[in-house]
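# Coordinate inspection notes
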Amino acid sequence: MDFSELVNARHSVRQFETGVTISDQELQTIFEQVVASPSSFNLQHWQFVIVREPTRKTELRSLSFGQAQVEQCSAVVLVCGNLNAHADAERIYADSDAQMRDKYVPMIEGVYKGQLALQREEAVRSGALAAMSLMYAARNRGWDCGPMIGFDADAVAAMLDLPEHVVPVMMMVMGRAEGGRQPPRGYRRPLQEVVHFESFGQTTFK
Ligand SMILES: Cc1cc2nc3c(=O)[nH]c(=O)nc-3n(C[C@H](O)[C@H](O)[C@H](O)COP(=O)(O)O)c2cc1C
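Please read all numbers here as calculations on a predicted model, not as lab measurements.

### A closer look at unusual backbone geometry
Positive phi values are uncommon outside glycine, yet phenylalanine 41 reaches one of about 50 degrees. By secondary structure assignment, the location of phenylalanine 41 is in the loop between α2 (24-34) and β1 (46-51). In this structure phenylalanine 41 comes out as partly exposed when scored by C-beta crowding, with 18 C-beta atoms within 10 Å. One non-glycine residue, phenylalanine 65, lies in positive phi territory at about 55 degrees. If you trace the backbone, phenylalanine 65 turns up in the loop between α3 (54-62) and α4 (69-72).

Written out as structure tokens, the structure reads:
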């Protein structure tokens, strides 16, 4: 799909065909594209937990204020962020040239070590970018997604056995929109309200 078409085709879907399965192969193809997303220092903080088992989706629904799409969809993906991604710098830069490795590995340690707020911000930033990629990659292959923050993050983290250093960023429901129906595009703020040239509040588009 051409990118402009893809942008127009993506909507947050909340009503899915029930009983539609998504295969490991299909998910693998999608996630191979998702992990091409950018991240600070290429640390790739993202982690994903995919739930397809019907009884587990029902349990997740009960932890998501009863939102029906969590049960009806083909897969629930919990997009997470790794607070300790910086600890893998040596491995990530192992194949880089020595000059780059010697520059970045100590720099990464200096930037993140003990910086708990920054570690969390970065985990959420990378996770959010991966979530966006997931929505486009899935849509490009005919799947619909719904991003969600309406869930009990602590309870979901416990249910999915997340280790302490892995935090939920966003829940993503994936499946086929019921009847192929896409919700209408919601209101968008005009560009003049959100885009600023040179400094905030100066000039914008005419
Ligand atoms: C971080 C995030 C959290 C969201 N949480 C929910 C949610 O819990 N339930 C829901 O129905 N929609 C949720 N949405 C979907 C938004 O309502 C939707 O993106 C917005 O209305 C714009 O519609 P569109 O995505 O179809 O363009 C969420 C979206 C984002 C990005």
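What follows picks up the thread again.
### Concerning the site of the ligand
Around the ligand sit 13 residues in total, of which His11, Ser12, Met148, Ile149 and Gly150 are the nearest. With 3 residues, the single largest contributor to the shell around the ligand is strand β3 (residues 144-148). Residue composition of the shell around the ligand, grouped by class: 5 nonpolar, 6 polar and 2 charged.

### A word on the nonpolar core
Formed by 38 residues in total, the largest nonpolar core has its most connected members in Val76, Val79, Leu134, Cys145, Met172 and Met174. Where this core is concerned, the elements lending two or more residues are α2, β1, β2 (75-82), α7 (116-140) and β4 (166-175). It is β4 that contributes the most residues to this core, 8 residues altogether. Ignoring any residue separated from it by four or fewer positions in sequence, one finds valine 79 in contact with Trp46, Phe48, Gly127, Ala130, Ala131, Leu134, Val169, Met170 and Met172.

### Concerning α2
Along α2, the residues classified as buried are Leu27, Ile30 and Val34. Here the buried residues of α2 occupy an arc of 65 degrees about the axis, which is enough to place them on one side. Exposed and facing more than 90 degrees away from the buried side of α2 are Gln25, Gln28, Thr29 and Glu32. Buried residues belonging to α2 abut β1 and α7.

### Here's the deal with the environment of glycine 146
By secondary structure assignment, the location of glycine 146 is in strand β3. Classification of glycine 146 by C-beta neighbours within 10 Å gives buried; the count is 23. Distance from glycine 146 to glycine 110, taken between C-alpha atoms, is 37 Å for residues 36 residues apart in sequence.

### Examining the sheet that holds β2
In spatial order, the strands read β1-β2-β4-β3; together these 4 strands make up an open sheet with antiparallel pairing. Whereas interior strands pair on both sides, the edge strands pair on one side only; in this sheet they are β1 and β3. Averaged over all adjacent pairs, the angle separating strand axes in this sheet is 25 degrees, with direction ignored. Bridge count between β2 and β4: 8 bridges; the pairing is antiparallel. When the sheet's bridge partners are listed, valine 76 is paired in β4 with valine 173. Relative to β4, α7 is tilted by about 10 degrees, and along the sheet it contacts β1, β2, β3 and β4.

Each value, and the rule that gives it
Residues numbered from 1 in each chain as written. Predicted model: local features only at pLDDT ≥ 70, side-chain atom pairs only at ≥ 80, totals over all residues. Helix = DSSP H or I, 4+ residues; strand = E, 2+ residues; numbered from the N terminus. Buried ≥ 20, exposed ≤ 12 C-beta atoms within 10 Å, placed from the backbone. Near = placed C-beta within 6 Å. Nonpolar A, V, L, I, M, F, W, Y, C, P; charged D, E, K, R; others polar. Core = buried A, V, L, I, M, F, W, Y, C linked by C-beta atoms within 7 Å. Contact = placed C-beta atoms within 7 Å. Arc of directions from axis to C-beta. Pairing = 2+ DSSP bridges. Axes fitted to C-alpha atoms, helices over the stretch in contact; angles between N-to-C directions.

The quantities given are spatial measurements derived from coordinates; they are silent on function.
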